[in-house]
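# Observations on the model geometry
Spelled out, the chains give:
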Amino acid sequence: MSQQSGILSQGATEERGENARMASFVGAVAVADLVKSTLGPKGMDKILQSMSRGQEVTITNDGATILKSIYVDNPAAKVLVDISKVQDDEVGDGTTSVVVFAGELLREAELLVNQKVHPMTIIAGYREACDCARGVLETGAFNHQSDAEQFRQDLLNIAKTTLSSKILTVDKEHFANLAVDAIMRLKGSGNLEAIHIIKKTGGTLHESFLDEGFILDKKIGVGQPKRIENARILVANTPMDTDKIKIYGARVRVDSMAKVAEIEAAEKDKMRAKVRSIIDHGINCFVNRQLIYNLPEEMFADAGVMAIEHADFDGIERLALVLGGEIVSTFDNPSEVKLGSCKLIEEIMIGEDRLIHFSGVALGEACTIVLRGASTHILDEAERSLHDALCVLKETVADARVVYGGGWPEIRMAKAVEELASRTPGKKALAMEAFARALRALPATICDNAGLDSAEIVANLKAAHGADSSSRMGVDVVRGEAGDMKELGIYESFRVRQQVLLSGTEASEIILRVDDLIKCAPRQRG
Amino acid sequence: MSLAFDEFGRPFIILREQERKSRVKGIEAVKASIMAAKTVARTLRSSLGPKGMDKMLQSPDGDVTITNDGATILEMMEVENQIGKLMVELSKSQDHEIGDGTTGVVVLAGALLEHAEALLDMGMHPLRIAEGYEMACKVATENLDNIKTRFDFSKENIEPLVKTCMTTLSSKVVGRLKRPMAEICVKAVLAVADLERRDVNLDLIKVEGKVGGKMEDTRLVEGIVIDKEFSHPQMPKELKDVKVAILTCPFEPPKPKTKHKVDIDTVEKFEALRDAEKSYFTDMVQRCKDSGAELVICQWGFDDEANHLLMHKNLPAVRWVGGVEIELLAMATGARIVPRFQELSADKLGHAGSVKEVGFGTTKDKMLVIEGCPHLKAVTIFVRGGNRMVLDEIKRSLHDAICVARNLVRDNAIVYGGGAAEISCALAVEEAADKVTGVEHYAMRTFADALQAVPLALAENSGLPPIESLTAVKKRQLEEKNPYLGIDCNDTGTNDMREQNVFETVMGKKQQLFLATQVCKMILKIDDVIKPSDYE
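Residues numbered from 1 in each chain as written. Chains lettered and ligands numbered in written order. Predicted model: local features only at pLDDT ≥ 70, side-chain atom pairs only at ≥ 80, totals over all residues. Heavy atoms only, no water.

The name given to chain B in an unreviewed UniProt entry is T-complex protein 1 subunit epsilon, with the source organism recorded as Chlamydomonas reinhardtii. Listed in UniProt under the heading Subcellular location (unreviewed entry), the comment for chain B reads: "Cytoplasm". Annotation of chain B in UniProt includes, under Subunit (unreviewed entry), the sentence "Heterooligomeric complex of about 850 to 900 kDa that forms two stacked rings, 12 to 16 nm in diameter." (UniProt positions renumbered as here; feature names shortened; annotations may be inferred.)

Where an unreviewed UniProt entry is consulted, chain A appears under the name CCT-beta, with the organism given as Chlamydomonas reinhardtii. Its UniProt record gives chain A the following Sequence similarities (unreviewed entry) comment, quoted word for word: "Belongs to the TCP-1 chaperonin family." Under the UniProt heading Subcellular location (unreviewed entry), the entry covering chain A gives this text: "Cytoplasm".

Scanning chain A for helices and strands turns up 16 helices and 20 strands. When the 526 residues of chain A are sorted by exposure, 55% land in the buried category. Total accessible area computed for chain A in this model is approximately 21,600 Å², and 50% of it derives from carbon and sulfur atoms. With 62 positive and 77 negative side-chain charges, chain A shows a spacing of 3 Å between the two charge centroids. (Helix = DSSP H or I, 4+ residues; strand = E, 2+ residues; numbered from the N terminus. Buried < 20%, exposed > 50% of the residue type's maximum accessible area, 1.4 Å probe, protein only. Areas by Shrake-Rupley, 256 points an atom, 1.4 Å probe, with all protein chains shown as cover. Lys, Arg positive; Asp, Glu negative; His and termini not counted. Charge placed at Lys NZ, Arg CZ, Asp CG, Glu CD.)

Scanning chain B from N- to C-terminus turns up 17 helices and 22 strands. Summarising its shape, the C-alpha atoms of chain B cover approximately 95 × 75 × 40 Å along the three principal directions. Of all 536 residues assigned to chain B, the portion counted as buried reaches 56%. Sequence-distant contacts in chain B: of pairs separated by 6 or more residues, those separated by 24 or more amount to 72%. Counting only carbon and sulfur atoms, one obtains 50% of the accessible surface of chain B, whose full area is about 22,900 Å². (Contact = heavy atoms within 4.5 Å.)

A few words now on the side chain of Ser503 of chain A. Checked against the element boundaries, Ser503 of chain A lands in helix H16 (residues 494-512). Look at Ser503 of chain A and you get buried, because its relative accessible area is 4%.

Right, let's talk about the packing of aromatic side chains for a bit. Residues and elements named next belong to chain A. Here the structure, examined in full by the defined rule, presents nine aromatic pairs over all chains. Taken together, a centroid distance of 4.9 Å and an interplanar angle of 90 degrees make the contact between Tyr404 and Trp408 edge-to-face. On the accessibility criterion, Trp408 (3% relative accessible area) is buried. The exposure class assigned to Tyr404 is buried, which follows from its relative accessible area of 8%. A connected cluster of aromatic rings, assembled from ring pairs, spans Phe142, Tyr404, Trp408 and Tyr491. (Phe/Tyr/Trp six-rings, centres within 6.5 Å; stacked < 30°, edge-to-face > 60°.)

With that settled, the discussion passes to the sheet that holds strand E5 (residues 195-201) of chain A. Residue and element names in this part refer to chain A. With mixed pairing, three strands are arranged side by side in an open sheet as E5-E15-E6. Two strands in the sheet have a free side with no partner beyond their single neighbour: E5 and strand E6 (209-211). Ignoring which end each strand starts from, the neighbouring axes of this sheet average 25 degrees apart. Bridging between E6 and strand E15 (residues 367-373) involves three bridges; their strand directions are antiparallel. Bridging from a neighbouring strand, Leu210 pairs with Ile369 of E15. In the packing of helix H11 (residues 376-398) onto the sheet, contacts are made with E5 and E15, and the angle to E5 comes to roughly 160 degrees. (Pairing = 2+ DSSP bridges. Axes fitted to C-alpha atoms, helices over the stretch in contact; angles between N-to-C directions.)

General note: in soluble globular proteins, nonpolar side chains tend to be found buried as a group. Phe435 of chain A together with Leu247 and Phe251 of chain B are the most contacted members of the largest nonpolar core, which totals 209 residues. No other element matches the 11 residues that helix H13 (residues 428-449) of chain A contributes to this core. Beyond its immediate stretch of four places on either side in the chain, Leu247 of chain B contacts Cys288, Val296, Ile297, Cys298, Gln299, Ile326, Val338, Phe341 and Leu344 of chain B. Ile34, Leu113, Ile129 and Val519 of chain B belong to the second largest nonpolar core, which has 74 residues in total. (Core = buried A, V, L, I, M, F, W, Y, C linked by side-chain atoms within 4.5 Å.)

All names here are of chain B. Strand order in the open sheet formed by three strands is E9-E19-E10, with mixed pairing between adjacent strands. Whereas interior strands pair on both sides, the edge strands pair on one side only; in this sheet they are strand E9 (205-211) and strand E10 (219-221). Strand-to-strand, the axes of this sheet are offset by a mean angle of 25 degrees, without reference to chain direction. Here seven bridges tie E9 to strand E19 (residues 379-385), and the two strands are oriented parallel to one another.

Attention now moves to the environment of Leu156 of chain A. Mapped onto the elements of the fold, Leu156 of chain A is located in helix H6 (residues 148-164). Those residues in contact with Leu156 of chain A that sit more than four places away from it in its chain are Ala176, Asn177 and Val180 of chain A.

As a further point, take the environment of Lys509 of chain B. Residues and elements named next belong to chain B. Following the sequence through the fold, Lys509 ends up in helix H17 (residues 506-525). According to the relative accessible area criterion, Lys509 is buried, its value standing at 6%. For the pair Lys509 and Gly101, spaced 408 residues apart in sequence, the C-alpha separation works out to 7.9 Å.

Looking now at the packing of helix H1 (residues 17-36) of chain A against helix H3 (residues 75-90) of chain A. All names here are of chain A. Relative orientation of the contacting elements H1 and H3 amounts to 40 degrees, with a least axis distance of 7 Å. Looking at the two axes, H1 sits oblique to H3. Handedness of the crossing formed by H1 with H3: right-handed. Contacts between H1 and H3 pair Ser24, Gly27, Ala28 and Val31 from the former with Ala76, Ala77 and Leu80 from the latter. In terms of residue class, the contact of H1 with H3 is built from five nonpolar, two polar and no charged. (Parallel < 35°, antiparallel > 145°, perpendicular 65-115°, else oblique. Left-handed = near helix turned anticlockwise from the far one by under 90°. Nonpolar A, V, L, I, M, F, W, Y, C, P; charged D, E, K, R; others polar.)

Further remarks concern the packing of helix H8 (residues 257-279) of chain A against helix H9 (residues 294-302) of chain A. Residues and elements named next belong to chain A. One way to put it is that H8 packs onto H9 with a least axis distance of 10 Å and a crossing angle of 35 degrees. Both H8 and H9 take part in a crossing whose hand is right-handed. Where H8 abuts H9, its residues Lys268, Met271, Arg272, Val275, Arg276, Ile278 and Ile279 lie against Leu295, Pro296, Met299 and Phe300.

Because each turn of an α-helix spans 3.6 residues, side chains separated by three or four positions in sequence point in the same direction. Residues and elements named next belong to chain A. For H3, built from 16 residues, the straight-helix expectation of 22 Å at 1.5 Å per residue is met to within 8% by its first-to-last C-alpha distance of 23 Å. The element H3 is largely enclosed, with a buried count of 13 among its 16 residues. N-capping of H3 is provided by Asn74, with a side-chain oxygen placed 2.9 Å from the backbone N of Ala76. Two residues or fewer past H3, Gly92 is found with a positive phi of approximately 85 degrees. (Expected span 1.5 Å × (residues − 1). Polar contact = N/O pair within 3.5 Å; in protein donor to acceptor, adjacent residues only side chain to side chain.)

Looking now at the pattern of salt bridges. Where charged atoms from two side chains of opposite charge approach closely, those side chains can pair. Residues and elements named next belong to chain B. Enumeration over the complete set of coordinates arrives at 41 salt bridges over all chains. Among the ionic pairs, Lys206 bridges to Glu208, the shortest N-O distance being 3.2 Å. Taken individually, Lys206 and Glu208 each receive the classification buried, so the pair is uniform in this respect. For the salt bridge of Lys240 with Glu238, the shortest nitrogen-to-oxygen distance reads 3.4 Å. Owing to a relative accessible area of 54%, Lys240 belongs among the exposed residues under this scheme. (Salt bridge = Lys/Arg side-chain N within 4 Å of Asp/Glu carboxyl O.)

Unusually for a residue other than glycine, Lys116 of chain A sits at a positive phi of about 70 degrees. Residue classification places Lys116 of chain A among the exposed residues on the basis of a relative accessible area of 69%. We note that Lys481 of chain B has phi near 50 degrees; this positive angle belongs to a residue other than glycine. With respect to the secondary-structure elements, Lys481 of chain B resides in the loop between helix H15 (466-480) and helix H16 (497-500). The exposure class assigned to Lys481 of chain B is exposed, which follows from its relative accessible area of 67%.

Structure follows, in structure tokens:
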């Protein structure tokens, strides 16, 4: 129901009070329901067909990717889309959980509003409940950073938990090891840029591997050495076609063909001089961001220098970082330039493609993960999953606190919130109870998606936690019952869980506070 | 009367193409205007006070804004109606002048007009109503002067200021964290305030935001944050005690403004030009280095070659820094802005204690934090928030709080909030009205009624029985002669606003009364609305 107020421009609508609230609840809950079925290890995937001409298809169960790709018109739904995007940027995982949680909070709030509880009262209750839940989460977390062996095991478990809901679940052992090895190489620097992911179709996911060096998906110039040991590398960003004159307004105006030839010759000389000065750096490998034309390429070949052209900007920066050299644009002072170095450069074959492999690089942190898989869709999804896992691991290395997974934190928090509710006078208590129910909806959804009896299992969990406050029971999806999370090795990063809790509450609060919805007339496009 | 008759009874048209224009006249026109103003005010009414609700606004491009800041709502809702636009302007001018109370002023104006309607129905002339309002407004502002209290603070004792800012923030989305946020705002204002001259230059406070993290991570940087990174990825990410050169000329060969061509017709010329070009770059970088600069901040871009040379000479640089930031940086570091390389010299350099490149989350966004500047006159509030909407709303809330703190630095007289000032004014106006004979008597009484619309709305939004709580407070004010009693919005159990620490600046309150009365007068004076009907 919307009405024209007569004050706004044509085509604009304004919805007030109950209608506005209803519209935002409906929108937000719809979005939450959309991604709900992807939650948990048995969550299903979605096919997204792009609207562009290619009608490309993406298959994913990554909440952030799904929400990014759909077009929503409902403003409240946009808030949720936004929140999952931020979750992705900030911690990289839990993108579905946060949306589902916010959706559940709103669903509960809707019931309360219908019982004539003022939204502000609900918000006050949610806030207190959220603080309480956060405290519980903090006390429930544990930290093994001091014990390297144990910490690695924690990381492995976290990686496995993250991966188990994705396409990589079949090979999660393999990929968890990959991801943890890659992160451990970073030695806590958290610089994900040093981890390079290359996707190559063909083979199976299981053939994916971690390489300790750096792999560049480029070709070596014709007639140049294919293998260099103890390479000294110059990384450059300079035009190697013709050196254009940068002075504004310069142009060539000559009166005879002969003069043109002269100037062309001068240009070539210039290039030769440039190549010579590059070679004078005493290098045996030259990597340029821009194109290398035939003439310089030939000269490099003559000098026995390996020349790699057109390494894109990302590649160059990463290469410079990895090899420990600087990116060079002028070549007059060979003595002052810092060259990159590595033990061995060689051409390797992955599937049908040739790639250049730098091993024994200066920066020991760098590594490359080569993903293999049957189709581009699988590879894309695999990359997304791996990215999630890497992000979570990175966060865990930064903040080593770990909690159990499988709905364990939610059940625990719900219990504490309910206790708080029973002590709180006033209508706020209703909101707190609703908060607890919303928390329990997460494990219930995991069960539902796995085709289990959610009511039974969640009730069992609740009972287990009620009987023993240090219980480690959570949802065991494989056996379809409550299980000991420690024994099953289902761990999650504390940061991710905390962010889900805070962002979810914040989002629902924003939407609840709205009592008026004004849509401006859509801009005329023409 | 667009159609008149001459002495021979022939009709002639005064207003051309009248059939294409829509026209409302007389009392009808006034009523239509009041109607429109009321509609706008009604939209804002529910956003008033600490328990006010938010509005969700979707822009023509589909972006969503969620706010309860009156000025922002009105600006974003694209009001078409002319009278509606007046209301928008009203809240904007309150925003520009005071920076807070933008919702209150619109609600007040709406109430004044709404009550004027009843007087019109009594057959009173709109102008007489306006005059009555003017008189009442005068009484009310005088009353404000009577009930105002001075309010003491100093650089050491910022507690009172913090409390005021908390009042402002309590109605916003940051209500949960009003204490730390208020402290941030007050510290920011005091850092740039000139307490001698009682002046605050708000340009020196920058509010920067980055999506992500928690609201709790919001902090005050005693320096400047710019959304840029070092021009070369391999430049050092952290600098300590550096001399800063600020340039507004690009590291590129010069481009004369006049159109010109450099003709190359011989090989010698070609080579000479190349050499000249090369020397440009080395020369520029050398000049920077010679001046003793250790960090170059440039308003324009760099050529790849220049970039490399800078890196090579160990001269970290930042490019594409906006004009406002350049000025701020210059003020903070004490550097002179240098428009030409030739003019660069050691005495024009500034100094910064530390310059750091900070990254966020898993994305590659980076920002530069410049701290420890000798002339600590510029500060940045760096805001974090769960998503873009929250972030924008936090920024707006902080802006309001900063404005309040600034107003207190300028003039430290306050009145108590929660509707206490309005009720007290209403009582004063009522008393004064009884001494006035004539039509104005009614107008002034009406003004007093309209003033009570603010506490009414406050009570309503807080879920209290509006009329009962208002009348109760009014009675107590009369009996106890205590102008500090207001509506207890936060349900703390006391009506004394001194205990709740809810106050506003006298300046802001007066401005609200003046502006609302003026707009009211303006609208009441309109008796004919002519506008071309829409194009077919």
